[in-house]
Amino acid sequence: MRDRARREDRCSGETHVVPRESRVVDSFDMRIADLSTTDLDRLHALSISVGWPHRAEDWQLLREIGEGIVAMDEIGRIMGSAMWFPYDVHFATIGMVITSPRLQSNGAGQWLMGHVLDRLEGRDLGLNATRAARRLYQSLNFTREGTVYQCNGEAIAPPELDPPVGSVLRALEPGDLDAIAELDKAAFGADRRILLARLLTCSKGIGLMRGGKIEAFSLCRPFGRGHVIGPVVAARDEDAIAVVHPHATRHAASFLRLDTREKDGRFSEFLSRCGLPVYDTVTTMSLGRRWLAVRRGDAPREPRTYALASHTLG
């Protein structure tokens, strides 16, 4: 292959295939550069070119908590990107894998992913694949695990709702980071404290309290055309609904989005009543250990992720 090189391990005698630092793609000589040093306006233009809603501000948030690379041509145009978010030494999510429309059929995506996988060797990986990218990830041995339902639209204010019996709602504060990080870790499977700390600075948060302890929470922040609710972590539908309800009320008559794996049940019905029908889907995939917890019907209620922070962040 033109975009790979062989490297011999002097200790083991094994030969490894690693990505080259450049590749000729559709008459372009592409090179890899660090995404952190790339102009935000050019990253924004790249996502616009494939119809993604990310603003420059959304790119900046991702740059603050993750790492990434871009593919540049000889005159410095950004033709592709890929990011990863190493939450701990064992697990990372991958996202913002974009190639310009002109290069999508020329192997640029696989070339970018080769560089990402080389940097994340030894970690278990998770991602949410668009329909267009699913075949690419399957070719790299990612396994399908589930479906994410992108629910969005002009929000409708839901009827007034009392908190579940024995609970109270309150706004989250910076001092709640430890509590929500523990809940999120139990639901997500990895420690995302750094992410949650950053999201608390730009989000409105709601916590559901029982006996002085946070048992469910939600965050809502500006994103794309309006606002996105996520993550949402709870152990039961009624708690998830309770912490989402204030955001739906607050953003009534404006664009609102929530990404969930809840296909049926009270939570998904509530989203529909709030004017957030399913708009699109992506596929959750993993490489290495299974990402999503397998839950038995008779198992005790445990926290689970009712809404993703984003497709990229999980």
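Quick caveat, the model's predicted, so the values are computed rather than measured. All residue numbers refer to positions counted from 1 along the written sequence of the respective chain. For this predicted model, a pLDDT threshold of at least 70 governs which residues receive local features, and a threshold of 80 or more governs which side-chain atom pairs are given and counted, while totals over whole chains, interfaces and linings are taken from all residues. By convention in this description, side-chain values take in all heavy atoms of the structure and omit both hydrogens and water.

## So, the overall build of the chain
Helix and strand assignments come from DSSP, with helices taken as H or I runs of at least 4 residues and strands as E runs of at least 2, each series counted from the N terminus. Secondary structure summary: the chain contains eight helices and 16 strands in total. For each residue, the accessible area found with a 1.4 Å probe, counting protein chains only, is set against the maximum for its type, and the residue is called buried under 20%, exposed over 50%, and partly exposed in between. Expressed as a percentage of its 314 residues, the buried residues of the chain come to 53%. Contacts are residue-level and defined by heavy atoms, with any inter-residue pair within 4.5 Å sufficient. When contacts within the chain are restricted to residue pairs at least 6 apart in sequence, long-range pairs at least 24 apart make up 70% of them. With the model as given, the accessible surface of the chain reaches about 15100 Å², and the carbon-plus-sulfur share is 48%. Note that accessible areas follow from Shrake-Rupley with a 1.4 Å probe, and for residues the cover is restricted to the protein chains shown.

## Focus on the side chain of His54
For His54, the position within the fold is in the loop between helix H1 (40–49) and helix H2 (56–65). Those residues within four positions of His54 in sequence are excluded, and the remaining contacts are His44, Ser47, Trp59, Leu62, Met96 and Phe223.

## Quick notes on the confidence of the model for the chain
pLDDT runs from 0 to 100 and stands for how confident the predictor is about each residue. Across the chain, the average pLDDT comes to 90, with 88% of residues at or above 70. Note that pLDDT drops below 50 for residues 1–12; the model gives that stretch 28 contacts with residues more than four away or on any other chain.

## Description of the packing of H2 against helix H6 (residues 193–200)
A fitted line through C-alpha atoms serves as each axis, taken over the contacting stretch for helices, and the angle formed by two N-to-C directions is quoted from 0 to 180°. Running from N to C, H2 and H6 point in directions that differ by 145°, and their axes come no closer than 10 Å. As H2 packs across H6, the resulting crossing turns out to be right-handed. Contact residues: H2 offers Leu61, Glu64 and Ile65, while H6 offers Ile194, Leu195, Arg198 and Leu199. Residue polarity follows a fixed list, in which Ala, Val, Leu, Ile, Met, Phe, Trp, Tyr, Cys and Pro are nonpolar, Asp, Glu, Lys and Arg are charged, and the others, Gly among them, are polar. When grouped by side-chain class, the residues that make up the contact of H2 with H6 number five nonpolar, no polar and two charged. Should the near helix be turned anticlockwise from the far one by less than a right angle, the crossing is left-handed, and should it be turned clockwise, the crossing is right-handed.

## What to know about the pattern of salt bridges
Any Lys or Arg side-chain nitrogen found within 4 Å of a carboxyl oxygen on Asp or Glu counts as a salt bridge. Counted according to the given criterion, the structure contains 16 salt bridges. One salt bridge connects Arg289 with Asp124, and the closest N-O pair in it is separated by 3.6 Å. Placement of the pair is Arg289 in the loop between strand S15 (278–287) and strand S16 (304–307) and Asp124 in strand S8 (residues 124–129), with a sequence separation of 165 residues. Across the salt bridge formed by Arg170 and Asp176, the nearest N and O atoms sit 2.8 Å from each other. For Arg170, a relative accessible area of 29% puts it in the partly exposed group. Taking relative accessible area as the criterion, Asp176 reaches 9% and is therefore assigned buried. One salt-bridge network, in which partners are shared between bridges, spans Arg210, Glu215, Arg236 and Asp239.

## With respect to the packing of helix H7 (residues 237–250) against helix H8 (residues 266–273)
The N-to-C vectors of H7 and H8 enclose an angle of 25°; their axes lie 9 Å apart at closest approach. The orientation of H7 relative to H8 falls into the category roughly parallel. Note that H7 runs across H8; the crossing there is right-handed. Facing Asp237, Glu238, Ala240, Ile241, Val244 and His245 of H7, the residues of H8 in contact are Arg266, Phe267 and Phe270. The residue makeup of the contact of H7 with H8, split by class, is five nonpolar, one polar and three charged. Orientation is classified from the angle alone, with under 35 degrees giving roughly parallel, over 145 giving roughly antiparallel, 65 to 115 giving roughly perpendicular, and any other angle giving oblique.

## What to know about the packing of aromatic side chains
For this analysis, a ring pair means two rings from Phe, Tyr or Trp (six-membered ring only for Trp) whose centres lie within 6.5 Å, classed as stacked if their planes differ by under 30 degrees, edge-to-face if by over 60, and tilted for the remaining angles. Scanning all chains against the criterion turns up six aromatic pairs. Consider the rings of Tyr137 and Phe142, whose centres lie 5.8 Å apart with planes at 65°: the pair is edge-to-face. Like Tyr137, the residue Phe142 is buried in the burial classification. With a centroid separation of 5.1 Å and an interplanar angle of 65°, the aromatic rings of Phe267 and Tyr306 are classed as edge-to-face. On the criterion of sequence distance, the pair formed by Phe267 in helix H8 and Tyr306 in strand S16 is long-range, its members being 39 residues apart. Given a relative accessible area of 0%, Phe267 falls into the buried group. Through successive ring pairs, a cluster of aromatic residues spans Tyr87, Phe91, Phe188 and Trp291.

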